[in-house]
Amino acid sequence: MIAHDLQRYLQNSRDSVLSSLDGLSEYDARRPLVPSGTNLLGLVKHLVGIEFGYLGDSVGRPAPVTLPWNEDGSVWENGDMWAKPSESREYLVDLYRQAWKHTDESIADLPLDAPGSVAWWPEHKRQTTFGHLLVRVTAETAQHAGH
């Protein structure tokens, strides 16, 4: 089953992202490594929103939690790409695991051809499918795991 294969590839990439934090000090997990200020813990934060947004909200399964960076609009200024001092590693990793659970429930419950609509895409491109979004999130997570 294709959905099962995609879920497995997604989980492998999720695990890889989190393993990048293993053994790192708090300083190193938060240290900006590129000019944009992105850091490893920020990638975890970013992927929380990616999973909840694309594989939850966009397919009629709203996230069970409110993400502060979505609520205050800072996501549109890349506020999801670095961890604030008030956002602990444990908090962000826990949110990521909640996103995994929510996504995995979507994979179990929705066919790949289920309709999706991405509110932040241009109107003429918004309509898509769950399968397209699952491939997109799997690829993005794998890309970030390589960072």
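Our subject is the structure listed above.
Reference entry: report on the structure contained in this document. The structure displayed is predicted, hence computed values, not measured ones.

The rules behind these values
- Residues numbered from 1 in each chain as written.
- Predicted model: local features only at pLDDT ≥ 70, side-chain atom pairs only at ≥ 80, totals over all residues.
- Heavy atoms only, no water.
- Helix = DSSP H or I, 4+ residues; strand = E, 2+ residues; numbered from the N terminus.
- Rg over C-alpha atoms; globule rule 2.2 N^0.38 Å.
- Contact = heavy atoms within 4.5 Å.
- Lys, Arg positive; Asp, Glu negative; His and termini not counted.
- Charge placed at Lys NZ, Arg CZ, Asp CG, Glu CD.
- Expected span 1.5 Å × (residues − 1).
- Buried < 20%, exposed > 50% of the residue type's maximum accessible area, 1.4 Å probe, protein only.
- Salt bridge = Lys/Arg side-chain N within 4 Å of Asp/Glu carboxyl O.
- 1 Å grid on protein atoms, 1.4 Å probe; cavity = no way out; pocket = protein on both sides within 12 Å on 5 of 7 lines; lining within 4 Å.
- Points joined across faces, edges and corners; volume = space filled by probe spheres on them.
- Core = buried A, V, L, I, M, F, W, Y, C linked by side-chain atoms within 4.5 Å.

## Concerning the overall build of the chain
For the chain, the count of helices and strands is 6 helices and 2 strands. Counting from the amino terminus, the chain carries its helices and strands in the arrangement α-α-α-α-α-β-β-α. Compactness check: the chain gives a C-alpha radius of gyration of 15 Å against a globular reference of 15 Å for 147 residues, within 12% of the reference. Overall, the C-alpha framework of the chain stretches about 45 × 30 × 25 Å when taken along its three principal axes. For the chain, restricting intrachain contacts to residue pairs at least 6 apart in sequence, the fraction spanning at least 24 positions comes to 70%. For the chain, the centre of its 13 positive side-chain charges and the centre of its 20 negative side-chain charges are spaced 2 Å apart.

## Observations concerning the environment of Asn 70
Here Asn 70 shows up in helix 4 (residues 68-71). Separated by 34 residues in the primary sequence, Asn 70 and Asp 104 place their C-alpha atoms 22 Å from one another.

## Brief notes about helix 6 (residues 130-145)
With 16 residues, helix 6 ought to run about 22 Å at 1.5 Å a step, and its terminal C-alpha atoms sit 22 Å apart, in line with that. Where helix 6 is concerned, the buried positions are Phe 130, Gly 131, Leu 133, Leu 134, Val 137, Thr 138, Glu 140, Thr 141 and His 144.

## With respect to the pattern of salt bridges
Applying the stated criterion across every chain, the model contains 10 salt bridges. Where Arg 61 meets Glu 105, a salt bridge forms, and the shortest distance between an N and an O atom there is 3.4 Å. With Arg 61 in the loop between helix 3 (40-54) and helix 4 and Glu 105 in helix 5 (residues 89-109), this pair connects stretches of sequence that are 44 residues apart. Given a relative accessible area of 17%, Arg 61 falls into the buried group. Notably, a salt bridge pairs Asp 72 with Lys 84, separated by 3.8 Å at the nearest N-O pair. Placement of the pair is Asp 72 in the loop between helix 4 and helix 5 and Lys 84 in the loop between helix 4 and helix 5, with a sequence separation of 12 residues. For Lys 84, a relative accessible area of 34% corresponds to the partly exposed category. Sharing partners across several salt bridges, the network here consists of Arg 14, Glu 51 and Asp 104.

## Here's the deal with the layout of surface pockets
Looking at the largest pocket, its volume works out to about 430 Å³. Looking at the largest pocket, it is lined by 20 residues, and the ones nearest its centre are Gly 49, Asn 70, Val 75, Trp 76 and Trp 120. Sorting the residues of the lining of the largest pocket by element identifies helix 3 and helix 4 as the ones contributing at least two each. Counting residues per element, the lining of the largest pocket draws most heavily on helix 3, which supplies 6 residues.

## Remarks on the nonpolar core
Counting 38 residues, the largest nonpolar core has Leu 21, Tyr 54, Tyr 96 and Phe 130 as the members making the most contacts within it. If you list the elements that add at least two residues to this core, you get helix 1 (2-19), helix 3, helix 5 and helix 6. It is helix 3 that contributes the most residues to this core, 9 residues altogether. Among residues more than four places away in sequence, those in contact with Phe 130 are Leu 55, Val 59, Ser 106, Ile 107, Leu 110, Pro 111, Leu 112 and Ala 114.

By themselves, these are just geometric observations and shouldn't be taken as functional.
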